[in-house]
Amino acid sequence: MRSLADQTVEELGGRWSILTLQKRDHVKLDELLEQLPATSGEEQEELLNRICRLVFSHAFAEEAVLWPALRRTIEDGEELTARVEQEHQEITELVAALERSSPGDPDRPELIDRTVTMLRQDVRDEEDELLPRLQDAVDMKALRRLGMSWAVVRRTAPTRTHPIVSRRPPGQTLSALPLSLTDRTRDGLDYASRRVPAPVGKGLTAASQGLGALARRIEQLPPLRVGERPETHIPSQSRP
Ligand SMILES: [Fe+2]
Ligand SMILES: [Fe+2]
């Protein structure tokens, strides 16, 4: 079993293989993480935003398409995928804590460090173990089919933290449309708010926060928790 890191695009099954697409996003993520230590203030906020947008849509599509496929094809797929889902849950909760903090908070550097460590750990687990196991179990055609489905879901997936929604279908699938709408509209509003005069920007930020509150209410809908595993469950009293 060879890590994806040591394989060429051809060995991974071509440019549409799920393995190639995964590795491409992981490399992009690594480039962004490398830039983090040299940034501060507004610049760091923008970079963290870019990292989150990349990470959350990527992980959502993994949970919707890739991990169910792994569970169907690998004997210990249940255990393996439960482990990465737990990692995803931890990352989600760390980023949710980061979002609640403000740039000057003393515990913020540690939160950022822990998030970066967890993100790197998740990439290593996927590239060194889970995805090579999938590569051994299915043929190249299946890898390309998975790649296409994953890419479609990723382009339309939510882009923000939703700690209490199920990490597995069917709750996860049901959450895709409403939360993708709120998240992607917020992304547009936040982007615009940084590029217009301050009074207009304030209005856009308020609209984005209103949508954030709406998303938190959507997350509470019971059908969106169906399929949830005990390992990734957040007890009511500690929900962010
Ligand atoms: Fe990944
Ligand atoms: Fe992941």
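To be clear, the structure that these remarks concern was listed above.
Residues numbered from 1 in each chain as written. Chains lettered and ligands numbered in written order. Predicted model: local features only at pLDDT ≥ 70, side-chain atom pairs only at ≥ 80, totals over all residues.

A. Fine view of the overall build of the chain. Scanning the chain for helices and strands turns up eight helices and zero strands. The globule rule puts the C-alpha radius of gyration for 240 residues at 18 Å, and the 18 Å found for the chain is close to it. Summarising its shape, the C-alpha atoms of the chain cover approximately 55 × 40 × 30 Å along the three principal directions. Burial status across the chain gives 30% buried among its 240 residues. Here the contacts in the chain between residues at least 6 apart in sequence split such that 74% fall between residues at least 24 apart. (Helix = DSSP H or I, 4+ residues; strand = E, 2+ residues; numbered from the N terminus. Rg over C-alpha atoms; globule rule 2.2 N^0.38 Å. Buried ≥ 20, exposed ≤ 12 C-beta atoms within 10 Å, placed from the backbone. Contact = placed C-beta atoms within 7 Å.)

B. Looking closely at the packing of helix 4 (residues 77-100) against helix 5 (residues 108-137). One way to put it is that helix 4 packs onto helix 5 with a least axis distance of 10 Å and a crossing angle of 160 degrees. On the basis of the axis angle, helix 4 is roughly antiparallel to helix 5. Considering how the two elements wind past one another, helix 4 and helix 5 form a crossing that is left-handed. Listed contacts from helix 5 to Leu 80, Val 84, Glu 87, Glu 90, Ile 91, Leu 94, Val 95, Ala 97 and Leu 98 of helix 4 are Leu 111, Ile 112, Arg 114, Thr 115, Met 118, Leu 119, Gln 121, Asp 122, Asp 125, Glu 126 and Leu 130. Of the residues belonging to the contact of helix 4 with helix 5, the class tally is twelve nonpolar, two polar and six charged. (Axes fitted to C-alpha atoms, helices over the stretch in contact; angles between N-to-C directions. Parallel < 35°, antiparallel > 145°, perpendicular 65-115°, else oblique. Left-handed = near helix turned anticlockwise from the far one by under 90°. Nonpolar A, V, L, I, M, F, W, Y, C, P; charged D, E, K, R; others polar.)

C. Region of interest: the packing of helix 2 (residues 18-35) against helix 5. Between helix 2 and helix 5, the shortest axis-to-axis distance is 11 Å and the interhelical angle comes to 165 degrees. For the element pair helix 2 / helix 5, the angle class is roughly antiparallel. In the crossing of helix 2 with helix 5, the sense of the turn from one axis to the other is left-handed. Taking contact as the criterion, the partners of Leu 19, Gln 22, Lys 23, His 26, Leu 29 and Leu 33 in helix 2 are, on helix 5, Val 116, Leu 119, Val 123, Glu 126, Glu 127, Leu 131 and Gln 135. Of the residues assigned to the contact of helix 2 with helix 5, the class counts are seven nonpolar, three polar and three charged.

D. Representation of the nonpolar core within the structure. Residues Ile 18, Ala 61, Val 65, Leu 66, Leu 146 and Trp 150 are the most contacted members of the largest nonpolar core, which totals 32 residues. In terms of residue count, the dominant contributor to this core is helix 3 (residues 41-73) (13 residues). Beyond its immediate stretch of four places on either side in the chain, Ile 18 contacts Leu 66, Leu 143, Leu 146, Gly 147 and Trp 150. (Core = buried A, V, L, I, M, F, W, Y, C linked by C-beta atoms within 7 Å.)

E. Just helix 5, in detail. The terminal C-alpha atoms of helix 5 lie 42 Å apart, and with 30 residues this matches the ideal 44 Å at 1.5 Å per residue to within 8%. At Glu 126, helix 5 shows its strongest bend, of approximately 40 degrees. Those residues of helix 5 hidden inside the fold are in contact with helix 2, helix 3 and helix 4. (Expected span 1.5 Å × (residues − 1). Bend = angle between axes of the 7 residues up to and from the residue.)

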